[in-house]
Amino acid sequence: MKYAFYPGCVARGGTPELLVSANAVLDRLGIEREEIVSASCTGAGVLQERNQKLGDTLNVRTFALAEKMGAPIMTLCSTCQGVMSQANRRVLKDPEYLTEINEVLAEEGLEYKGTTVIKHLLWVLVEEIGIEALQKTFTKELSGLNFAPFYGCYIVRPSDALGFDEHPERQTSLETVIESTGATAVENDGKTKCCGLPILLINQSNAIQMVSNHTGEAKDLGADAMVTPCPLCHLNLDGYQPKAAKRRPSGKIDLPILHLPQMLGLAMGMQPKELGLQRHIISTKEVVAKAIAAPAVAVS
């Protein structure tokens, strides 16, 4: 299947290692894709709080571009997934609203007919590629490594917009993919909570406390790293962890935050630099060393 590729803003700006590692993994998996080059930002939920119609119009424009390409959208960002899913639900439930938006899009010669499917890479792996096929690309058995899943808000709420009724496996998809590598998924209370980024500019103290709570809990539970499908969560959990560590009695946390494709790339035997693992604020050297020392996948 060919996908209309929507990497999102942050994978190109704040976390370029995500786009690099994702492309390496997608190539290894043989996933055909074509980037929606003229797509706009989703608004990240922030724009929608101020002007929902404007935010929805920008997203529906992206849906129309993908529809014109005849391909479902694949994104790398949990926030993009959630915001686009909500916009799609609103226009599909309200034909008059969609007509209003299409009147705006007509100025560009675009029209959205309502057929575009939006799927995060995480869901593509579980629902389209399949775990068995995914595992055939692995060369390393990451047994002995413990990864704490961290979904972030937008890929778990609101569940009706995210298709959980039709796809209940999405609720545990990150654990499924972690465990497919041979690693242990470390259950943690924070995995479906907010990382704190949305309130960073209005209440930095609470945002940093949330980083401390989530990463500190995972570290205490024995996690070697945290794995997230959301680059915005990564920015906060990685970038503000040094400040968050000061909230801990020990004064340190030192929990690497891996992008989902980076974990997959390690299981595929890719080189750390190929995955951009040297770009993180919190050093990934220890988890990389464990991955490199992991046994090769047994050939049956």
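Structure first, text after, so check above.
Report on the accompanying structure.

About the criteria used
- Residues numbered from 1 in each chain as written.
- Predicted model: local features only at pLDDT ≥ 70, side-chain atom pairs only at ≥ 80, totals over all residues.
- Heavy atoms only, no water.
- Pairing = 2+ DSSP bridges.
- Helix = DSSP H or I, 4+ residues; strand = E, 2+ residues; numbered from the N terminus.
- Axes fitted to C-alpha atoms, helices over the stretch in contact; angles between N-to-C directions.
- Salt bridge = Lys/Arg side-chain N within 4 Å of Asp/Glu carboxyl O.
- Buried < 20%, exposed > 50% of the residue type's maximum accessible area, 1.4 Å probe, protein only.
- Right-handed = clockwise from strand over helix to strand, strands pointing away.
- Parallel < 35°, antiparallel > 145°, perpendicular 65-115°, else oblique.
- Left-handed = near helix turned anticlockwise from the far one by under 90°.
- Contact = heavy atoms within 4.5 Å.
- Nonpolar A, V, L, I, M, F, W, Y, C, P; charged D, E, K, R; others polar.
- Core = buried A, V, L, I, M, F, W, Y, C linked by side-chain atoms within 4.5 Å.
- Domains from an automatic or database assignment.

The four strands are arranged 2-1-3-4 in an open sheet whose pairing can be described as parallel. Unpaired on one side and paired on the other, strand 2 (32–35) and strand 4 (118–120) mark the two borders of the sheet. Sheet twist, expressed as the average angle between the axes of neighbouring strands with direction ignored, equals 40°. Across three bridges, strand 1 (residues 2–6) lies against strand 3 (residues 73–75) in parallel orientation. Following the sheet pairing, Tyr-6 is matched in strand 3 by Thr-75.

The next subject is the pattern of salt bridges. With the rule as written, the count across this model stands at 15 salt bridges. Here Asp-56 ties to Arg-90 by a salt bridge, and the two come within 2.8 Å at their closest N and O atoms. A residue pair is termed long-range when its members are at least 10 positions apart, and Asp-56 in helix 3 (residues 52–69) and Arg-90 in helix 4 (residues 78–93) qualify at 34 residues. Classification of Asp-56 by relative accessible area gives buried; the value is 0%. Ionic contacts of the salt-bridge type, sharing partners, join the residues Lys-119, Glu-127, Glu-128 and Arg-170 into one network.

Moving on: the environment of Phe-5. The topology assignment puts Phe-5 in strand 1. For the pair Phe-5 and Thr-75, spaced 70 residues apart in the sequence, the C-alpha separation amounts to 6.3 Å.

What follows deals with the pairing of strand 2. As judged from the four bridges shared by strand 1 and strand 2, these two strands associate in the parallel manner. Its bridge partner being in strand 2, Tyr-3 is matched across the sheet by Arg-33. Read as a crossover between parallel neighbours, the route from strand 1 over helix 1 (residues 16–29) to strand 2 is right-handed.

The next thing to look at is the packing of helix 8 (residues 173–180) against helix 12 (residues 260–267). Across the interface, helix 8 lies against helix 12 with an axial gap of 10 Å and an inter-helix angle of 20°. Taken together, the axes of helix 8 and helix 12 lie roughly parallel to each other. Once helix 8 is placed against helix 12, the crossing between them reads as left-handed. Judged by residue contacts, Leu-174, Val-177 and Ile-178 of helix 8 engage Leu-260, Met-263 and Leu-264 from helix 12. For the contact of helix 8 with helix 12, a count of residues per class yields six nonpolar, no polar and no charged.

Phe-147, Val-177, Leu-260, Met-263 and Leu-264 are the most contacted members of the largest nonpolar core, which totals 50 residues. When contributions to this core are tallied by element, the ones reaching two or more residues are strand 1, helix 1, helix 6 (121–129), helix 8, strand 7 (225–228), helix 12 and helix 13 (285–293). At seven residues, helix 1 tops the list of elements feeding residues into this core. When residues of this core are assigned to domains, at least three fall in each of domain 1 (2–120) and domain 2 (131–293). Ignoring sequence-local partners within four residues, the contact set of Leu-260 consists of Leu-122, Leu-125, Leu-174, Val-177, Val-227, Thr-228 and Pro-229. Counting residues in each nonpolar core, the second largest holds 22 residues, with Ile-36, Ala-66, Ile-73 and Ile-118 among its members.

Going from Arg-157 to Pro-158, the amide bond is cis rather than trans, its omega being -10°. One non-glycine residue with positive phi stands out, namely Asp-254, at about 55°. Inspection of the secondary structure assignment puts Asp-254 in the loop between helix 11 (241–245) and strand 8 (257–259).

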